[in-house]
Amino acid sequence: MKLPKAACPRCARPIAAGPVSGRLSKGRIWRHDDPGVPRIPGEPLVSCPGSLEIVEMPRPGQQLEFDVPETAPDETAVHDEELSMALF
């Protein structure tokens, strides 16, 4: 499943946004690191102030997409016509 990306209102980076219950055109930005704060080993992570804010979704009503690979029909599969037979 892929979540749509929306621009963070603080850092303007494209971040995944999850749906908000009861509001089809709104989404909540996922938590992400602040791009201006360098990561120091052993120190706590610093989230961007725009994390978890509610934003407009890029495509209202189509928040979730399922990434299903298209498969070619199996030509060796038995078709329904071959399985049907006269009963009387």
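Residues numbered from 1 in each chain as written. Predicted model: local features only at pLDDT ≥ 70, side-chain atom pairs only at ≥ 80, totals over all residues. Heavy atoms only, no water.

Colleague: Mind showing me how you'd approach the sheet that holds strand S2 (residues 14–20) here?
Modeller: Across the sheet, four strands lie side by side as S1-S2-S3-S4; this open sheet has antiparallel pairing. Taken across any chain shown, the strands that pair with only one partner, and hence form the sheet edges, are strand S1 (5–7) and strand S4 (54–56). When the angles between neighbouring strand axes are averaged without regard to direction, this sheet yields 55°. Bridge count between S2 and strand S3 (residues 23–29): four bridges; the pairing is antiparallel. For Ala-17, the partnering residue across the bridge sits in S3 and is Ile-29. (Pairing = 2+ DSSP bridges. Helix = DSSP H or I, 4+ residues; strand = E, 2+ residues; numbered from the N terminus. Axes fitted to C-alpha atoms, helices over the stretch in contact; angles between N-to-C directions.)

Colleague: Would you mind going over the pattern of salt bridges with me for this structure?
Modeller: Charged atoms that come close allow side chains of opposite charge to pair. If you walk through the whole model with that rule in mind, you get two salt bridges. For Arg-10, the salt bridge goes to Glu-53, with nearest N and O atoms at 3.3 Å. Of this pair, Arg-10 sits in the loop between S1 and S2 while Glu-53 sits in the loop between S3 and S4, and the two are 43 residues apart along the sequence. The exposure class assigned to Arg-10 is exposed, which follows from its relative accessible area of 55%. Judged by relative accessible area, Glu-53 falls into the partly exposed class, the value being 24%. For Glu-56, the salt bridge is made with Lys-26, and the minimal N-O distance between the two is 2.4 Å. (Salt bridge = Lys/Arg side-chain N within 4 Å of Asp/Glu carboxyl O. Buried < 20%, exposed > 50% of the residue type's maximum accessible area, 1.4 Å probe, protein only.)

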